[in-house]
Amino acid sequence: MEEKYRNNVGYVGWSCPSNIALIKYWGKRSVQLPLNPSLSMTLKKARTMTRLEFDYHPNNHNPSVHFRFEGNDAPAFEDRIIKFIKSIDSYIPALADTTLRIESENTFPHSSGIASSASSMAALAMCLVQMEEKIKGPLAPGKLLEKASIIARLGSGSASRSIYPNFVVWGATDDWAGSSDEYALPVTDYHEDYNQLCDTILIVESGQKKVSSSVGHSLMDTNPFSKSRIIQARQNLSTLKTVLTEGDWDGFIALIELEALTLHAMMMTSQPGYVLMLPGTLSIIEKVREFRNDTGCRIGFTLDAGANVHLLYASGDADKVNGFINAELVTFCEDGRMIMDQMGKGPSAL
Ligand code: PMV
């Protein structure tokens, strides 16, 4: 019987945000599955916009991909995308018969030191899953986002979380019913105090990471503290759940800072060990702690796998915090660069 194809040619477009982990995913097994569950905050302004045109020729078996980044051909990115698309064709079989033209751009500068893999893989995954729906018909209700999260995860683990708004958990944990190592889940129960949580990203160093996150993850296989880290991450996640529901700022700040420093401790105690924090990172950490002690402002820091610092603070304290950043922290930023962001609502269709 002949299959009914909805659309053989079409267009889809998605804008997806980046995210910052509060409980860090560090270490993986098998096909991009996490050693421990993680929890992130979805950002609002740091986003990737991806537009995809497709041409589906059933049983043609001659797929191709043309990729442009910020208006230019981008062969290095294109190679990565071709590899990725080949790796997921069992999830989206139509890809084996599809020609793709993809255009992508970021709201943040390419060399800003902000990893774009979460937002770009999430945007691409949303496009591919929606394309599949257009070709083959709709997935079961609620399954589009779940499938997009799986596909995004296969591109970059943390990207699985960029599919959802606000706080997002990824990785199987008894604390969240329905949580999975395969895809992320939105956290719906949290105190209203955290709405519009601010994140100012201080760019201490832009440019390429010295050690890629895939190398970093793999070093967890031999890290002597790996087992205790996994236990600690689970405990921290449980505690964060309570803290988020109760609106306990002291607990929130203590946890996010502990997680940031533990992530870097894992890097330092790997074999070979490496240090990604710079003198400016440490000065900022010290100043933030002093400022918090002196003013009682609800502010804490977290770090990604790099030297840049994410300052998370209550929107009600934004005026005081901005004064502090401008007076005392901007000096540690490369060319005074920072990105003012906040918690965001997740992907939007273009
Ligand atoms: O998604 P990846 O493979 O780039 O790993 C991200 C790891 C951290 O950003 C350091 C932590 C996290 O959970 O996002």
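Residues numbered from 1 in each chain as written. Predicted model: local features only at pLDDT ≥ 70, side-chain atom pairs only at ≥ 80, totals over all residues. Heavy atoms only, no water.

**Points about the overall build of the protein**
Line of reasoning, step 1. A tally of helices and strands in the protein yields 8 helices and 14 strands.
Line of reasoning, step 2. Overall size of the protein, expressed as C-alpha extent along the three principal axes, is 70 × 45 × 45 Å.
Line of reasoning, step 3. Burial status across the protein gives 55% buried among its 350 residues.
Line of reasoning, step 4. Within the protein, counting contacts between residues at least 6 apart in sequence, those at least 24 apart form 76% of the total.
Line of reasoning, step 5. Approximately 15100 Å² of the protein is accessible, and the part contributed by carbon and sulfur atoms is 51%.
Line of reasoning, step 6. Of the side-chain charges in the protein, 33 are positive and 40 negative, and the distance between the mean point of each set is 3 Å. (Helix = DSSP H or I, 4+ residues; strand = E, 2+ residues; numbered from the N terminus. Buried < 20%, exposed > 50% of the residue type's maximum accessible area, 1.4 Å probe, protein only. Contact = heavy atoms within 4.5 Å. Areas by Shrake-Rupley, 256 points an atom, 1.4 Å probe, with all protein chains shown as cover. Lys, Arg positive; Asp, Glu negative; His and termini not counted. Charge placed at Lys NZ, Arg CZ, Asp CG, Glu CD.)

**Comments concerning helix α2 (residues 117-136)**
Line of reasoning, step 1. Between its first and last C-alpha, α2 extends 28 Å over 20 residues, near the 28 Å set by a 1.5 Å rise per residue.
Line of reasoning, step 2. Counting buried residues in α2 gives 15 out of 20 residues, a clear majority hidden from the surface.
Line of reasoning, step 3. Of the residues trailing α2, Gly-137 is marked for its positive phi of about 100 degrees. (Expected span 1.5 Å × (residues − 1).)

**A look at the side chain of Asn-308**
Line of reasoning, step 1. Relative to the helices and strands, Asn-308 is located in the loop between β11 (299-303) and β12 (309-313).
Line of reasoning, step 2. Engagement of the side chain of Asn-308 in a polar contact is seen with the backbone nitrogen of Val-204, the distance being 2.8 Å.
Line of reasoning, step 3. In terms of polar contacts, Asn-308 uses its side chain to reach the backbone amide nitrogen of Glu-205, at 3.0 Å. (Polar contact = N/O pair within 3.5 Å; in protein donor to acceptor, adjacent residues only side chain to side chain.)

**Digging into the site of the ligand**
Line of reasoning, step 1. Near the ligand you find 13 residues, and of these Tyr-25, Ser-158, Arg-161, Ser-213 and Asp-304 are the closest.
Line of reasoning, step 2. A distance of 2.9 Å is found between an oxygen atom of the ligand and a side-chain nitrogen or oxygen belonging to Ser-213.
Line of reasoning, step 3. One of the side-chain nitrogen or oxygen atoms of Asp-304 is found 2.7 Å away from an oxygen atom of the ligand.
Line of reasoning, step 4. For the ligand, whose unbound accessible area comes to 380 Å², protein coverage reaches 93%.
Line of reasoning, step 5. Looking at the shell around the ligand residue by residue, the class counts come to 5 nonpolar, 5 polar and 3 charged. (Near = heavy atom within 4 Å. Nonpolar A, V, L, I, M, F, W, Y, C, P; charged D, E, K, R; others polar.)

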